[in-house]
Amino acid sequence: MVRQGSQPTLAREADLLRRLGNAVQDLGGDAGYFMARTHDRVKDVHHVLMACDPRWGSEYESLDYYLSDPWFRYAAANSAPARVGDIPCRSSRERAVVDLAERFGFQQAIVFPAPSPLGRARVALLVIGSRDPAFQERMASTEYVAEARNVSMALHEDWTNKLRSDLAEASELSSLDIRILELELQGSRTKAIAKTLGITRTAIDSRFQRLKDKLHVTGRRSAALRALEFGLISAPEQEPVQHGRGRIRR
Amino acid sequence: MHLADGRDVLEDLRSQDNESVSMPASTHPTPELGPLLEIRLSPEAPVFRLHALGQFVCVERRTAKDSQREAAQYAIFKQDTQFLQWCDDDAIRLSFPLLHQCVRRAGSDLFASVEGRPSRAEES
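Calculation rules
Residues numbered from 1 in each chain as written. Chains lettered and ligands numbered in written order. Predicted model: local features only at pLDDT ≥ 70, side-chain atom pairs only at ≥ 80, totals over all residues. Heavy atoms only, no water. Helix = DSSP H or I, 4+ residues; strand = E, 2+ residues; numbered from the N terminus. Buried < 20%, exposed > 50% of the residue type's maximum accessible area, 1.4 Å probe, protein only. pLDDT = per-residue confidence, 0-100. Contact = heavy atoms within 4.5 Å. Salt bridge = Lys/Arg side-chain N within 4 Å of Asp/Glu carboxyl O. Core = buried A, V, L, I, M, F, W, Y, C linked by side-chain atoms within 4.5 Å. Axes fitted to C-alpha atoms, helices over the stretch in contact; angles between N-to-C directions. Parallel < 35°, antiparallel > 145°, perpendicular 65-115°, else oblique. Nonpolar A, V, L, I, M, F, W, Y, C, P; charged D, E, K, R; others polar.

Section: the environment of Glu169(A)
Take Glu169(A): it is sitting in helix 5 (residues 142–171). A residue is classified by how much of its surface remains accessible, and Glu169(A), at 46% relative accessible area, is partly exposed.

So, in structure tokens, the structure goes:
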């Protein structure tokens, strides 16, 4: 039940938490959190870094507010910062999410979405809250907004890098795995991949089965796309795809 | 933001070091890596990871909502009283009492090892 030792450390998470805490204070807040969602057809994962009373997170978690959060909904569709008072609640459940946040230091708060080139597949936001009634007036300062947006985007980038690194470590892809995924990404079929790499089709199928497990996806194409998304393989060069024949990378 | 015992959460976080750090670059020294514990009871229960880093403990609480949805929360605790309070307010106290006791004990033991004193997990 209790295991000690060999799992990945939480050092990177702790570093980000401390940086988040410092940034929230530098930006005049007295509570803050960073939330990121990664979702595709296979997995939908929310990560929350808290620089606030962690009991907010406990209640949020136990009530499963992740898919009912109006601030997160806003961040999924907008890139501009917003005062939370300007984000309308569309249901009583969304109102309850806001009520909970207000109980834990977010009476006055500003939402800073962190846009991603992957669009809605990866959404993140930084929320900075305060009990100071004048806190949201800071939005009038372009310097303040620029600084906070930088923080939000930097956190998002660092968090994405952490996930990428975690996946690379956990998947332990061999050079052969990488070649197979790259060929899959180029559109090569099993027969062509086997011919290119000089191994049997059965071996390719077996490799793909393990790769799908390692990358937590259900299909070959998804495995290649996941590996590409997390920087584990390179994008194909801009050459015509030759279906049925693999292309050997230089 | 203040905790139940009156301490300020952000002051706690900032006081990990006195160096002023601004985003995006991190200039934090790497804290000393202490023991790391993973507490896992059953597939439907949350999984906790506790890692002693320097004088504080970083906690990950990971829950599988269903076969596709998952959520993970992260927080830093500088003192065991703060950690135990958080444990006692968590829904697992009622839904998974054994897990609650394990997490409580594990966290308290981590703090005790860091501070070189007996664990306080059994006090309340």
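Notes on the confidence of the model for chain B
Residue and element names in this part refer to chain B. Chain-level statistics for chain B give a pLDDT mean of 78 and a share of 71% at 70 or above. For chain B, per-element mean pLDDT is lowest for helix 1 (residues 9–14), which scores 46, and highest for strand 4 (residues 69–77), which scores 96. Low pLDDT, under 50, characterises residues 12–27; the predicted model gives this stretch 40 contacts beyond four residues in sequence or across chains. In the predicted assembly, ipTM is 0.78 and pTM is 0.78.

Observations regarding the pattern of salt bridges
The final tally for this structure, using the stated rule, is 27 salt bridges over all chains. Between Arg69(B) and Asp64(A) there is a salt bridge, and its shortest N-O distance comes to 2.8 Å. With Arg69(B) in strand 4 and Asp64(A) in the loop between helix 2 (54–62) and helix 3 (70–77), the pair connects residues from two separate chains. A residue is classified by how much of its surface remains accessible, and Arg69(B), at 15% relative accessible area, is buried. For Asp64(A), a relative accessible area of 23% gives the class partly exposed. The network of salt bridges with common partners includes Glu61(A), Asp64(A), Arg61(B), Lys65(B), Arg69(B) and Asp90(B).

Describing the nonpolar core
The biggest cluster of nonpolar side chains holds 54 residues, and the ones touching the most others in it are Phe34(A) and Leu181(A). Tallying contributions element by element places helix 5 of chain A first for this core, with eight residues.

Side note on the packing of helix 6 (residues 175–185) of chain A against helix 9 (residues 220–229) of chain A
Helix packing for two helices is described by the angle between their axes and how far apart those axes are. All names here are of chain A. Two elements in contact, helix 6 and helix 9, have axes separated by 9 Å at closest approach and are oriented at 110°. Classified by the angle between their axes, helix 6 and helix 9 sit roughly perpendicular to one another. Facing helix 6, whose interface residues are Leu181, Glu184 and Leu185, helix 9 presents Arg220, Arg221, Ala223, Ala224, Leu225, Ala227 and Leu228. Of the residues that constitute the contact of helix 6 with helix 9, the class distribution is seven nonpolar, no polar and three charged.

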